[in-house]
Amino acid sequence: MTIPSSPLPEASGGSPKPSSPKLDSAGSRHSSSSEGRHPDSPSVPDVSRAPGSRWFTQLLRRLHFYAGIFVGPFILIAALSGALYAISPEIEQLVYADELTASASDPALPLADQVTAATAYTGGGETISAVRPAPEPGTTTRVMFDDPNLGESESRAIFIDPATAEVKGDLTVYGTSGSLPLRTWVDQLHRSLHLGDFGRYYSELAASWLGIIAVAGLCLWVLRARRARKASSLLRPSRKHKGLRRTFSWHASVGVWAAIGMLFLSATGITWSQLGGDNVTKLRAALDWSTPAVSTELGGESAAGTGNGGGRDSHAEHEGHAGGSGHEGHAGHTGQADEAEASGPDPADFDMMLAMAQDVNVNTGLVEILPPADEDSAWVVQEIQRSFPTEIDAVAIDAETMEITDRVDFSDYGLVSKLARWGIDLHMGSMFGLANQIVLVVLAVGIASMVVWGYVMWWQRRPKHDPTRRFGRAPVRGALAAAPWWAFVAVAVAAVGIGWFLPMVGISLIGFLVVDGLLALRSKKRRLRSIGRVE
């Protein structure tokens, strides 16, 4: 459902009679001798003479075609890199097994001993930004340090065997999920093609158009199913047809099954984008849908959307699919303790803060302990369990008075905030573990396949009698010209509204119109020259 071609073969099968009108590769109606006809092309009335809602069908085809042709490569890259990212946690466990595993037979030492060992390993010149105790026996503790030589949201992590305080590894970690170098590389590929902030526009373009293309394709499928003798036959690929019809059957049947997943990936992906994501953040703030965040200000109350420590906004939880507003700081580590004393916090404080938090609302093994940024800030202990059931409660503690200054519980989140949290975790493949990752890989491969099938159909629709044309033509123009005035206004308002809220859609849509106008002008000049030669 990602890449369209011209109007699609009829579901009932069979080639049109030689004397009947046919569509050329652009989807316009011609006689049997007209240019660009294809033996597999269906018979569909010219939109300029079409009654009722035919104009809408042709508009969907043209939108689906142009968006697929121009945005398809970006969607293809995003799908393939997304599939690779989905399985990267499992690959990470294998590649970094030495750093991630520890002896499971002996009891764990106090965090103070583990922090002391990590500090001694680094030479004591770096500031501790966070500590993640080993979540279960057989895993390592991560003691993370600020390093000015690292990038945004990156920290230096020393991996400690909790039973022996032995240093197991020294790696750069990224984001709230603590991804290691391999997964970080894949993440940056999916996010920006390793081109920095400019490269992030590619993923925003793909995410913004993915949902629109899915909706247009799904509508075309429904319209086609209404005309089919047996609609259920369109839910699976055809085995009896060959060539164009078989390619289309794969494209359409896979597309209808993948449509919901495409819409989900589009919606969640947009929230991490630069331009559209900023509008989403503003909309949530205006509707009071922001995610609550624990306040690290001593004596403060829970903030909404952003915080200095644990309760970071849900948009800031994706380790790399975005950046921009909230994303680049989602790790919550870099620069947090720049103003702390050179000696850093007392290692024994980590045990004490964890014990206090466990008496309040921290009850899972996946925990992160953040020391105060300065003398006016509180410690933060927060859960970081992104798998179901979600555990992201957080508590702020005043080290001087040993009092709880603030707390945020996931059970107190509003519905929208919970849905945002779950949407992020599903998109990243962390909510249901391996099963979640497999579904994402299958969905991503399906999307990539639809892009390829779309281009194949475009090639298969090329005019066979004209060897100079290597691809099929676009569906005919004139859909809006045939539409009633109220429909024209509705389409225009919808295009402006979507283009404003999703700027990459607006910018690219203008580009589509410019290209289409230039192609129309060139076609007109060719017709005039042809008429002149005939005369």
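Residues numbered from 1 in each chain as written. Predicted model: local features only at pLDDT ≥ 70, side-chain atom pairs only at ≥ 80, totals over all residues. Heavy atoms only, no water.

Now for the packing of helix 4 (residues 181-192) against helix 5 (residues 196-227). At a minimum axis distance of 6 Å, the contact between helix 4 and helix 5 shows a crossing angle of 65 degrees. Comparing their axes, helix 5 and helix 4 come out roughly perpendicular. Facing Leu 189, His 190, Arg 191 and Ser 192 of helix 4, the residues of helix 5 in contact are Gly 196, Gly 199, Arg 200, Tyr 202 and Ser 203. For the contact of helix 4 with helix 5, the residue count by class is 2 nonpolar, 5 polar and 2 charged. (Axes fitted to C-alpha atoms, helices over the stretch in contact; angles between N-to-C directions. Helix = DSSP H or I, 4+ residues; strand = E, 2+ residues; numbered from the N terminus. Parallel < 35°, antiparallel > 145°, perpendicular 65-115°, else oblique. Contact = heavy atoms within 4.5 Å. Nonpolar A, V, L, I, M, F, W, Y, C, P; charged D, E, K, R; others polar.)

Formed by 35 residues in total, the largest nonpolar core has its most connected members in Ile 75, Trp 209, Met 262 and Ile 447. For this core, the element with the highest residue contribution is helix 1 (residues 54-95), accounting for 9 residues. Counting residues in hydrophobic clusters, the runner-up holds 23 residues, among them Val 131, Met 353, Val 367 and Ile 369. (Core = buried A, V, L, I, M, F, W, Y, C linked by side-chain atoms within 4.5 Å. Buried < 20%, exposed > 50% of the residue type's maximum accessible area, 1.4 Å probe, protein only.)

With respect to the helices and strands, Asp 161 occurs in the loop between strand 5 (154-160) and strand 6 (167-174). Here Asp 161 is buried and forms no salt bridge, its nearest opposite-charge partner Lys 168 lying at an N-O distance of 5.2 Å. Among the polar contacts listed, one links the side chain of Asp 161 to the backbone nitrogen of Ala 163, at a separation of 2.9 Å. Non-local contacts of Asp 161, meaning those with residues more than four positions away in its chain, are made with Ala 102, Ser 103, Glu 166 and Lys 168. (Lys, Arg positive; Asp, Glu negative; His and termini not counted. Salt bridge = Lys/Arg side-chain N within 4 Å of Asp/Glu carboxyl O. Polar contact = N/O pair within 3.5 Å; in protein donor to acceptor, adjacent residues only side chain to side chain.)

In the structure shown here, the tally under the stated rule is 10 salt bridges. The shortest N-O distance in the salt bridge between Arg 421 and Asp 425 comes to 2.7 Å. Of this pair, Arg 421 and Asp 425 both sit in helix 10 (residues 415-428), separated by 4 residues, roughly a single helical turn. Accessibility assignment for this pair places Arg 421 and Asp 425 in one class, buried. Each member of the salt-bridge network shares a partner with another, and the members are Arg 62, Arg 477 and Asp 516.

Right, let's talk about the pairing of strand 10 (residues 379-383) for a bit. Successive residues of a regular strand alternate their side chains across the two faces of the sheet. Summarising burial for strand 10: 5 of the 5 residues are buried, a large majority. Neither face of strand 10 is left uncovered, since the one carrying Trp 379, Val 381 and Glu 383 and the one carrying Val 380 and Gln 382 both have all their residues buried. Sheet topology places strand 9 (residues 367-370) next to strand 10; 4 bridges connect them, and they run antiparallel. Looking at the pairing, Val 367 lines up with Glu 383 of strand 10. (Pairing = 2+ DSSP bridges.)

Applying the stated rule across the entire model yields 16 aromatic pairs. Judged by centre distance (6.1 Å) and plane angle (80 degrees), the ring pair of Phe 65 and Trp 458 falls under edge-to-face. On the criterion of sequence distance, the pair formed by Phe 65 in helix 1 and Trp 458 in helix 11 (residues 433-460) is long-range, its members being 393 residues apart. On the basis of relative accessible area, Trp 458 is assigned to the buried category, the value being 18%. Among the aromatic residues, ring-to-ring pairing joins Phe 65, Tyr 66, Phe 70, Trp 209, Tyr 455, Trp 458, Phe 471 and Phe 512 into one connected group. For Lys 418, the ring lying beneath its charged end belongs to Phe 410, and the centroid distance is 5.7 Å. Positioned above the aromatic ring of Trp 459, the side-chain terminus of Arg 462 is 3.9 Å from the ring centre. (Phe/Tyr/Trp six-rings, centres within 6.5 Å; stacked < 30°, edge-to-face > 60°. Lys NZ or Arg CZ within 6 Å of the ring centre and 35° of its normal.)

On the surface, a cluster of nonpolar side chains totalling about 480 Å² of accessible area is made up of Leu 84, Ile 87, Ile 91, Leu 94, Val 95 and Leu 182. With 5 residues, the top contributor of residues to the nonpolar patch is helix 1. Position of Ile 91 among the secondary structure elements: in helix 1. Taking relative accessible area as the criterion, Ile 91 reaches 32% and is therefore assigned partly exposed. (Patch = residues over 30% accessible without salt bridge, like charges linked within 9 Å, V, L, I, M, F, W, Y side chains within 5 Å. Areas by Shrake-Rupley, 256 points an atom, 1.4 Å probe, with all protein chains shown as cover.)

Take Thr 57: it is sitting in helix 1. Aside from chain neighbours lying at most four places away, what touches Thr 57 is Leu 220 and Leu 223.

Glancing now at helix 7 (residues 275-286). Relative to the 16 Å expected for 12 residues at 1.5 Å per residue, helix 7 spans 17 Å between its end C-alpha atoms, a close match to the ideal helical length. All of the buried residues in helix 7 are Gly 276, Gly 277, Asn 279, Val 280 and Arg 284. For helix 7, the angular spread of the buried residues around the axis is 160 degrees, confining them to a single face. Opposite the buried face of helix 7, by more than 90 degrees, sit the exposed residues Lys 282 and Ala 286. A positive backbone phi angle near 60 degrees is found at Asp 288, which sits one or two residues after helix 7. (Expected span 1.5 Å × (residues − 1). Arc of directions from axis to C-beta.)

Once that is clear, we can look at unusual backbone geometry. Between Phe 388 and Pro 389 the backbone carries a cis peptide bond, its omega angle lying at 0 degrees. Here Pro 389 lies in the loop between strand 10 and strand 11 (394-398). The backbone of Ala 165 shows a phi angle near 65 degrees, a positive value even though the residue is not glycine. Position of Ala 165 among the secondary structure elements: in the loop between strand 5 and strand 6. The phi dihedral of Leu 193 falls on the positive side, at around 60 degrees, and the residue is not glycine. Here Leu 193 lies in the loop between helix 4 and helix 5. What makes Leu 193 partly exposed here is its relative accessible area of 27%.

Let's shift gears to the confidence of the model for the protein chain. Per-chain confidence: the protein chain averages 83 in pLDDT, with 81% of residues scoring 70 or above. Note on residues 1-51: pLDDT is under 50 here. Beyond four places in sequence and across chains, it has 155 contacts. Taken together, the stretch residues 306-342 has pLDDT below 50 and engages in 134 contacts with residues farther than four places along the chain or on a different chain. (pLDDT = per-residue confidence, 0-100.)

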